[in-house]
Structures are given as C-alpha cells and as structure tokens.
Amino acid sequence: MRNDEIASVFDEIADMLELGGENFFRVRAYRNAARAVRDYPEQVAALSREKLDEIPGIGADLADKIATLAATGDLPLRAELKGSFPAGLLDLRNVGGLGPKRIRLLAERLHIRNREDLRRAAEAGQLRTIRGFGPKLEERIVKSLVHTVEEAAHRMQYAEAALTANDLIAHLRGCAQVKRVEVAGSFRRRRDTVGDLDVLVAASEAEPSIRRFLEFPGVTNKLGAGETKATVVIGDKLQVDLRVVPRASWGAALVYFTGSKAHGVHIRRIAQTHGLLLNEYGLFRGERAIAGAEERDIYEALGMDWVPPELREDRGEVEAALEHRLPALLQRSDLRGDLHTHSTWTDGRATIREMARRAAASGLEYFAITDHSQRLTMVHGLDSERLREQAREIEAVGAKVSGIKVLRGIEVDILEDGTLDLPDGVLEELDWVVASVHSKLEQETSAMTRRLVRAIRNPNVDVIGHPSGRLIGRREASGFDLREVLRAAHEEGCALEVNAQPDRLDLIDTACMAAKRAGVKVVISSDAHHPHDFAALEYGVNQARRGWIEPSDVLNTRPLNELRQRGSRL
DNA sequence: GCCGTTTTCGGCCCGACTGTTTTCAGTCG
C-alpha cells in the first residue's frame, strides 16, 4: 500500500471517529499520523518497526495499524466504523457550516443520512427546529449544498494564482495607509497548488485598506467584510481573505497566516515550553509582548533560526532551526544552465536561435536543446538523421549568439520495456540526454519501476525527465518504487529532473527530499517550449526549495566545465 | 492515540467569527 493510500485510511478513520463523538485528541492523532505518512519520503509499508517508531506521531498502536494495512489492505477498525453509520453522512463534512457536532445533531434529530435528505429538510425549513440552528445557518447550508462539489476539489496552480497575487499586491500598495503587504498561506510556502489566497496587510488604519481591497477590479463576489478582515472571490473561483493587523503585530501575523498549520502548532508548543504564548498578535510573556513586529524576532526569541516559508511544513524544519542546521536553500540565481528545452524541430514554438537569445537574456551560461525522439510521431520526433541535421544548426547558432553555450541534447523516449527510442551510438554523440516516459503511463508499479531502472542503467542517460509523469489536476503520478529508482540512480550517477512546468513540478517536494537523502543529484529544468518558458525555472526552484535542496544538490548550478568533469560525454 | 528537560499520567495550539444565544457552542483557518 502506498503512503497516500495509508494516509487516506487514517484520515477516513479520523473523520469517522469525529463523527462518532470520539475524544478529539484521538481524532487528532489519526490526522497527524495521516500527514506524517503522506509526507514520509519512503514507503512506510516497507519500513521496519524501529523505523516506524522514529516517525513523529506514529506510536505503538499506529505502527501496528500500518503493518496490518500493509499486510491485509484494510483495518478492522475502519470496517467497524463504516458499519456504524450511513456512508452519506461523512460527505456532509464538505458542506459549509457543518462540522461533526451539527452533523450528529442532524442525524439524531431529523434522521438525515445524506445530502439529499439534508437538502429536503433544509428547504422544508426543518433545520431551524433544532436548538442551535437558525434561519441563517439553514440558508447557508442550502447555498453550500449547491456549490460544494466543485469548490472543495479545486485548487489552483501556483503560477496562475501568482498572476492575481501580484496584481492584488500592487493594488493594495496604492492605499496610503498600507505599510506592508504580503500574500501568506500556502502561496508564500510556494506549494504547487493553492486553495485560496491569504493576504496580510499592516496598516495604520484598517478601514481604508479593507475598502481598497473590496475595490480590486477582479472582485466578482464579496463574501464578507468586518473591521479587520474581509473575504472576496476574484475571478470565477479564487477565494481571497484579507487580514489587516497593526504594524507591531506584522511578524506574528505573518508567521501565523503563512502556516502551515502543523508548523504553527509545533512552534506554539515550543513557545509554551518557554512559558510563552504565541498568537497572531505577538509572542507574550504574561501580558508583555516580547516579539511580534518581525518574523525573525519571534523565531529568535524561541531559540530558532528564521525558517524559510517553503520549509514550514513540520517536516523537521523546527528541529533543524532549533539546532541551527537549516539548509542554505537553492535560489534561482544559482542556476547557470537549463538542460531541457524544445525548439521548432519538434513541438517547441521558437527556433533554436530565438531560444538561445532568451536563454542568454535569462542570465544562463548554457542550455541544451532536447527535442523529442522519433517515437513521438505526432510532434515529428527526431530520428538519427534529423538529429544530426539539427546538430549543424545548433553549431551555427552557437557561433552567432554570444554569451550562451548551446548544447546538443535529446529528450529520448523510454519505451515500454525500459529501452530507449534511439540507438546508443546516436545518443553517445550528444552532450546531454534526458530520458522520459511519454507512453503507457498507467503501467503497474513493478513494471514502471523496472522500466525506469533500466533507463537509468543506460550509461548514456544523464537525467530522467519528469519522473512521475503527473499533470496537476489532470493526470495522476504513475506509481513506481522511489527507493529502488533512487538506489539505481545513485549507483549510476544518473540525476532526476525537477521539471519546472507549472502543471508538472515533478519531482515533487518530498521526492526531492528523498533524492537528496539518497545522494542523487537533481536538475532543475524549464522544459521550455517557448522563450517565455525560461521564466518557469522559478517554479522548479520553489519546488526544490520545499524539498530542502541546496545548490550543491543540483547539477545545473555548476559551471559548464565542472558539469563536463562528471564523466559524461559533455 | 501520542508523548516526555514538570516523563508513564495527564496533558495535548490559538483566536476570530457566526449565529445563536443571553453567555456560548461550533466552525474555521
């Protein structure tokens, strides 16, 4: 069983326990465990008992349950809970305004078992007969029932959200009372997708900033506005929350609203051990604020180094910050080259020359043209002959465009059995070989693992492109045994790509962590199909930073002569 | 159900807002 499957079981149990009115802390233990398993860089099903014990949040009982899940694929507890109430009841958690307590009331008093029952009862005005339910809540529930299905599922890609975020920041800066603005939340942590935007403003007066916020041209729906906060919808689906805080609370509020929730919980617990209280207004000893205006002061007062937002997922960064051993994370400016790009020779939309010019203008020292191989007939993939023709053009461009070295590369298809789409003799002539899976992505885990490992074992392969093949919101990652792939990659000195396209971001953050731990290098690549795609490198850097990647973990931070020294054909 | 520099019991992060109540429970982030 994969980590995400085990995590889902724990989450499901947490939901059901909660609905059953179980001790809140027991519920929370399951949720914590779900998160710990989901984030864990190796498959927990394969871990020994000792290793399982080392995972924070997994104790003796949950270690047992993981073992049972690994062995049988299910848990007696889950089956038992499932039998104890109607299936449709759990789904009501997704209805706004309804939590476990209210759902239980609805089930007990009105015998509501699913959305349909709820809708009927709400429309008949029955809900308000329950003490604690009133007309407003009833109305909210009816409204939410119509919308929740799409709403709950949809997260927006980071790059898309960034467009709105930047416009909004600029707009808010146009208000004289606004001293500082930042988009906090998962956006600031640079997650691959964001559910909503949490905008934080420090202002001398709240009212004008809120008014300014409500006047943002993209606002399509105003969901609420109070004295210090407001919520709107921008465009057709992006919810944006604004919080206005006094300047003296800026740092505390930024920590608080940047999250993650788990990170916040962890550092508030640390504050507690020092006899301090940490909330969004500051860090307090009794009544007295000892920090709050800047994030750094708060972390420092807790004996920690300032934690870059990308790391704030409670994946060990709190401990590392306490021990002053946080990584010096990769930055965009560390990248000297881009080793995965396309041109009009296949499905790129610009010539090699146009790509070279933009690469140079993007501050790169070198880049590789890696067009597709023959198998991808629909994009006119290159066979040996056209590849050699292309070499002549690359040479000609290299002579004409200054300030950039153009490398000859290929993105060669990894065929179903793990062999490559071009003969070794042809690949040997190239400077750089990306090998990628583009077909049969739904292979079984074991077959996909063998396929990738075989490609990695080919000495001509420098890097595996977009290893999981996931497309955010459209295609699941293909299953393979990451540990086995990393072991092979380590043995062969083969790198794994962090594809920077905003809908790929593949490897994901936790896989980056695992690669680093396994001693496998990564390559941050734009996979540019157009000159403006070089800008995407930033997104790849974000994802790598979330995976604790430092410049030395990345091949394309190296100058070209050092890259040549690693024994490749460069 | 987890966990321990107050360590094997007794805690477990924090506050705003809403809607509903006359003092607070539930939800939400």
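All values derive from a computational prediction rather than experimental measurement.

### Let's talk about the sheet that holds strand S11 (residues 337–341)
- Sheet architecture is open: 7 strands sit in the order S11-S12-S13-S14-S15-S16-S17, paired in parallel fashion. Every other strand in the sheet has two partners, leaving S11 and strand S17 (522–525) as the edge strands with one partner each.
- Bridge analysis of strand S16 (residues 495–499) against S17 gives 4 bridges, and the strand direction is parallel. Pairing of Leu496 across the sheet is with Val522, part of S17.

### A few points about the domain arrangement of chain A
- Domain assignment breaks chain A into domain 1 (3–153), domain 2 (156–245), domain 3 (249–322) and domain 4 (332–564).
- A straight line from the C-alpha centre of domain 2 to that of domain 4 covers 36 Å.
- Of the residues lining the interface, 6 residues belong to domain 2; the matching set on domain 4 comes to 10 residues.
- Each residue belonging to the side of domain 2 that touches domain 4 can be placed in one class, and the counts come to 2 nonpolar, 2 polar and 2 charged.

### Thoughts on the protein's contact with DNA strand B
- The immediate surroundings of DNA strand B are formed by 39 residues, with Ala29, Gly59, Gly99, Arg102 and Gly134 found nearest.
- Those elements that provide at least two residues to the surface near DNA strand B are helix H2 (24–39), helix H4 (60–72), helix H7 (100–110), helix H9 (135–153), helix H14 (261–273) and strand S8 (277–279).
- Broken down by element, the surface near DNA strand B gets its largest block of residues, 5 residues, from H14.
- Of the residues that constitute the surface near DNA strand B, the class distribution is 13 nonpolar, 14 polar and 12 charged.

### Let's talk about unusual backbone geometry
- In this model, Gly259 is joined to Ser260 through a cis peptide bond whose omega is -10°.
- A cis amide bond, omega 10°, links Asp506 with the succeeding residue Leu507.
- For Leu507, the location among the structural elements is in the loop between S16 and helix H22 (509–518).
- At His111, a position not held by glycine, the phi torsion is positive, near 55°.
- At His324, a position not held by glycine, the phi torsion is positive, near 55°.
- Positionally, His324 belongs in the loop between helix H16 (317–322) and S11.

### Remarks on helix H12 (residues 206–214)
- Burial in H12 covers these residues: Ala206, Ser209, Ile210, Arg212 and Phe213. On an axial view of H12, the arc spanned by its buried residues comes to 160°, and they lie on one face.
- Packed against the buried residues of H12 are helix H10 (158–173), strand S2 (178–183), strand S4 (196–203), strand S5 (219–225), strand S6 (229–234) and strand S7 (238–245).

### Some remarks on the packing of helix H21 (residues 482–492) against H22
- Close contact between H21 and H22 brings their axes to 10 Å; oriented N to C, the two are set at 40°. Judged by the inter-axis angle, H21 sits oblique to H22. The crossing of H21 and H22 is right-handed. Residue-level contacts link Leu482, Leu486, Arg487 and His490 of H21 to Ala511, Ala514, Ala515 and Ala518 of H22.

### With respect to the pairing of S4
- Counting buried positions along S4 gives 7 out of 8 residues, so the element sits mostly inside the fold.
- The sheet contact formed by S4 and S7 spans 7 bridges and is parallel. In the sheet register, Asp198 faces S7, and the bridge partner there is Asp241.

### Some points on the pairing of strand S12 (residues 366–372)
- The buried count for S12 comes to 7 of 7 residues, which makes it a mostly enclosed element.
- Viewed along the sheet, the connection from S11 through helix H17 (residues 352–361) into S12 turns out right-handed.
- As paired elements, S12 and strand S13 (residues 405–413) share 7 bridges and run parallel to each other. Note that in S13 the partner of Asp371 across the bridge is Ile410.
- Regarding topology, helix H18 (residues 384–400) serves as the crossover connection from S12 to the parallel S13, and that connection is right-handed.

### Notes on the environment of Gly99
- Mapping Gly99 onto the fold places it in the loop between helix H6 (87–91) and H7.
- Owing to 12 C-beta atoms within 10 Å, Gly99 belongs among the exposed residues under this scheme.
- Along the sequence, Gly99 and Val307 sit 208 residues apart, while their C-alpha atoms lie 33 Å from each other.

What counts and how
- Residues numbered from 1 in each chain as written.
- Chains lettered and ligands numbered in written order.
- Predicted model: local features only at pLDDT ≥ 70, side-chain atom pairs only at ≥ 80, totals over all residues.
- Pairing = 2+ DSSP bridges.
- Helix = DSSP H or I, 4+ residues; strand = E, 2+ residues; numbered from the N terminus.
- Domains from an automatic or database assignment.
- Contact = placed C-beta atoms within 7 Å.
- Nonpolar A, V, L, I, M, F, W, Y, C, P; charged D, E, K, R; others polar.
- Near = placed C-beta within 6 Å.
- Buried ≥ 20, exposed ≤ 12 C-beta atoms within 10 Å, placed from the backbone.
- Arc of directions from axis to C-beta.
- Axes fitted to C-alpha atoms, helices over the stretch in contact; angles between N-to-C directions.
- Parallel < 35°, antiparallel > 145°, perpendicular 65-115°, else oblique.
- Left-handed = near helix turned anticlockwise from the far one by under 90°.
- Right-handed = clockwise from strand over helix to strand, strands pointing away.

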